Amino acid sequence: MVLVTGGLGYIGSHTVVSLQEIGLKTLIVDNLSNSTKNVLNGIEKACGTLPKFFEMDLVNRNQVKSLFKNNKIDAIIHFAAYKSVSESVNYPVKYYDNNINSLLNLLKEVENVEKTFPFIFSSSCTVYGDSDKQPLSENSEIKKAFSPYGNTKQICEEIIIDFCKVNSNIKPVFLRYFNPIGAHHSNEIGELPLGKPQNLVPFITQTAAGLHDELIVFGNDYNTHDGTNIRDYIHVVDLSNAHVSALNFAEKKMKNKYEIFNVGTGHGFSVLDVIKTFEKISGEKLNFSFGKRRNGDVTCAYANCDKSKKELGWKCVHSLDDALQSAWNWEKKIRKID
Ligand code: UD1
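What counts, and where the lines are drawn
- Residues numbered from 1 in each chain as written.
- Predicted model: local features only at pLDDT ≥ 70, side-chain atom pairs only at ≥ 80, totals over all residues.
- Heavy atoms only, no water.
- Helix = DSSP H or I, 4+ residues; strand = E, 2+ residues; numbered from the N terminus.
- Buried < 20%, exposed > 50% of the residue type's maximum accessible area, 1.4 Å probe, protein only.
- Contact = heavy atoms within 4.5 Å.
- Polar contact = N/O pair within 3.5 Å; in protein donor to acceptor, adjacent residues only side chain to side chain.
- Core = buried A, V, L, I, M, F, W, Y, C linked by side-chain atoms within 4.5 Å.
- Near = heavy atom within 4 Å.
- Nonpolar A, V, L, I, M, F, W, Y, C, P; charged D, E, K, R; others polar.
- 1 Å grid on protein atoms, 1.4 Å probe; cavity = no way out; pocket = protein on both sides within 12 Å on 5 of 7 lines; lining within 4 Å.
- Points joined across faces, edges and corners; volume = space filled by probe spheres on them.
- Pairing = 2+ DSSP bridges.
- Axes fitted to C-alpha atoms, helices over the stretch in contact; angles between N-to-C directions.
- Phe/Tyr/Trp six-rings, centres within 6.5 Å; stacked < 30°, edge-to-face > 60°.
- Lys NZ or Arg CZ within 6 Å of the ring centre and 35° of its normal.
- Parallel < 35°, antiparallel > 145°, perpendicular 65-115°, else oblique.
- Left-handed = near helix turned anticlockwise from the far one by under 90°.

Peer 1: Any chance you could explain the environment of Gln63 here in plain terms?
Peer 2: As for its position among the elements, Gln63 is in helix H3 (residues 61–70). A residue is classified by how much of its surface remains accessible, and Gln63, at 32% relative accessible area, is partly exposed. Spatially, the C-alpha atom of Gln63 lies 33 Å from that of Leu312, the residues being 249 residues apart in sequence. Not counting the four nearest positions on each side in its chain, Gln63 is found in contact with Met56 and Asp57. A polar atom in the side chain of Gln63 sits 2.9 Å from the backbone nitrogen of Asp57.

Encoded structure:
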């Protein structure tokens, strides 16, 4: 049984579908802080199997103890974490408490169990900070984090590295995600931001659906081809499939104590590129204007994925067009737009 923490969230739910599609059994734990139980129905419709689910909080040590006592866990994929860069700047204690204590509680249980767990950790390209050397490879310098959110990812990576030096019963694989977008091709699960979205693509699709008057592009004076930020937008299904490859790698091929992989497409697109591509695939004219730079934004971040391709045997199969089309299909479905 694969324990998927935060398995009702955006990337978690898509990964559960990818795991179940190849016949793996999953156990989701989620505290519903940024998701709803309805996602379970979407997962079942997308892949035909209802996963096991416990509503629980990993910050609660006793709940984590009984989770391990009462279930046969063979592998762990740890998504559960708060993820808003801007919120983390305003509520640093909330972020450090949740993101770090959840991990520590999991590791305290792993430490007590006499078996070896593949352990896939959701990390982020945010650990590279603002780098003028692009594309970013796994060996790129780790700069001081731009936000408490980014710092929790750096700290969690370090905790796991220290832990695996003295505990051989964990095989950690860090997946450093670039910018996941889009929705499952079944159109049964997708991104469901609670409240006003912070991320670009849900803000674009919600604006096109009429939920906001306009999109503000945060800055057009960056040193890029059109002045707007560049990111590596990866289809969430490609990202989910990387977790399946990472599990397989941890179980069968891992030689080092831990391993780090970038998960992106290898292509950088500016905010304006994304807007233009969205307008092309949707046929909608997007209302947008230029605003000030957003605190914490780096100019440019895109991946070198050579290591992931070679060692995980994984690659992206979806284009930016595919990803934006699926995001738009999902938005239209949830807003009941024809
Ligand atoms: C960052 C991290 C990513 C992490 C994510 C969590 C980096 C390079 N990436 O994504 O790893 O998973 O936070 O949330 O640190 N934008 C607008 N208007 C909007 C919204 C966004 O112009 O209304 C622009 C942003 O300025 C940015 C781009 O769109 O240039 C993407 O922003 P967003 O989707 O929020 O993701 P990141 O901040 O890049």
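Okay, back to it.
Peer 1: What exactly am I supposed to notice about the nonpolar core here?
Peer 2: The nonpolar side chains of soluble globular proteins are, as a tendency, buried together. Ranked by size, the top nonpolar core spans 38 residues in total, and within it Ile43, Val173 and Leu175 carry the most contacts. Among the secondary structure elements, those contributing two or more residues to this core are strand E1 (2–5), helix H1 (10–21), helix H2 (38–47), strand E4 (75–78), strand E6 (170–177), helix H8 (236–252) and strand E11 (259–263). The element that contributes the greatest number of residues to this core is H8, accounting for nine residues. Not counting the four nearest positions on each side in its chain, Ile43 is found in contact with Gly7, Leu8, Ser13, Val16, Val17, Gln20, Ile28, Gly48, Thr49, Pro51 and Ile189.

Peer 1: What should I look at first to understand the environment of Tyr95 in this one?
Peer 2: Take Tyr95: it is sitting in helix H5 (residues 92–112). Judged by its relative accessible area of 1%, Tyr95 is buried. Those residues in contact with Tyr95 that lie beyond four places of it in its chain are Tyr82, Lys83, Ser84, Glu87, Ser88, Ile100, Tyr149 and Thr152.

Peer 1: Is there a simple way to think about the site of the ligand in this case?
Peer 2: The environment of the ligand is made up of 23 residues, and the closest members are Ser124, Ile216, Asn229, Arg231 and Asp297. A distance of 2.6 Å separates an oxygen atom of the ligand from a polar side-chain atom of Ser124. Between the ligand and the protein, one listed contact pairs a nitrogen atom with a backbone N or O atom of Ile216 at 2.8 Å. For the shell around the ligand, the leading source of residues is strand E8 (residues 215–218), giving four residues. Taken together, the residues of the shell around the ligand sort by class into 13 nonpolar, six polar and four charged.

Peer 1: What is the right way to look at empty space enclosed by the protein in this model?
Peer 2: Unfilled space is identified by rolling a water-sized probe across the atoms. Under the criterion given, the structure shown has two cavities of 30 Å³ or more. In this structure, the largest cavity occupies an estimated 90 Å³ of space. Residue lining of the largest cavity: 14 residues in total, with Glu191, Pro202, Thr205, Ala327 and Trp330 positioned closest to the centre. If you list the elements that add at least two residues to the lining of the largest cavity, you get helix H7 (200–208) and helix H11 (320–334). Within this model, the second largest cavity holds a volume of roughly 60 Å³. Lining of the second largest cavity is provided by His78, Phe79, Ala80, Ala81, Asn99, Phe121, Ser122, Thr152, Lys153 and Cys156. Looking at the lining of the second largest cavity, the elements that each hand over two or more residues are strand E5 (117–124) and helix H6 (148–166). By residue number, the principal contributor to the lining of the second largest cavity is H6, which donates three residues. Grouping the amino acids of the lining of the second largest cavity by side-chain chemistry returns five nonpolar, four polar and one charged.

Peer 1: Just checking my understanding: could you explain the sheet that holds strand E9 (residues 230–231) for this structure?
Peer 2: Sheet strands pair via backbone hydrogen bonds, and the direction of the pair is either parallel or antiparallel. A sheet is described by the order of its strands in space; here three strands give the open sequence E12-E9-E14, paired in mixed fashion. What marks the edges here is a single partner per strand, and that holds for strand E12 (269–270) and strand E14 (300–301).

Peer 1: Explain the sheet that holds E5 to me, please; I cannot follow it from the model alone.
Peer 2: Reading across the sheet, the seven strands line up as E3-E2-E1-E4-E5-E6-E11 and stay open at both edges, with parallel pairing between neighbours. Single-partner strands in this sheet number two, and they are strand E3 (52–55) and E11. In this sheet, neighbouring strand axes are inclined to one another by 20° on average, regardless of whether the strands run parallel or antiparallel. Pairing analysis gives five bridges linking E6 to E11, with the strands arranged parallel. Paired with Arg176 across the strands is Asn262, a residue of E11.

Peer 1: What is the right way to look at the packing of aromatic side chains in this model?
Peer 2: One pair of aromatic rings is described through two measures. These are the centre distance and the angle between the planes. Counted according to the given criterion, the structure contains seven aromatic pairs. Between Phe174 and Tyr258, the aromatic rings sit 5.8 Å apart at their centres with planes inclined by 75°, giving edge-to-face as the arrangement. In this pair, Phe174 is assigned in strand E6 and Tyr258 in the loop between H8 and E11, connecting sequence segments 84 residues apart. Aromatic pair Phe288 and Phe290: ring centres 5.8 Å apart, planes at 80°, arrangement edge-to-face. Given the relative accessible area of 27%, Phe288 is considered partly exposed. Within the aromatic cluster, the residues linked to one another by ring pairs are Phe121, Phe174 and Tyr258. The ring of Tyr222 carries the charged tip of Arg293 above its face, separated from the ring centre by 3.9 Å. Across from the ring centre of Phe261, 4.7 Å away, lies the NZ or CZ of Lys307, which sits over that ring.

Peer 1: Sorry, what's going on with the packing of H7 against H11 here?
Peer 2: In helix packing, the relevant descriptors are the interaxial angle and the interaxial distance, both defined with respect to the helix axes. Where H7 meets H11, the closest approach of the two axes is 10 Å, and the angle between their N-to-C directions is 50°. Our classification of the angle between H7 and H11 gives oblique. In this structure, H7 crosses over H11, and the sense of that crossing is right-handed. Contact residues: H7 offers Val201, Pro202, Thr205, Gln206 and Ala208, while H11 offers Leu324, Ala327, Trp328 and Glu331.

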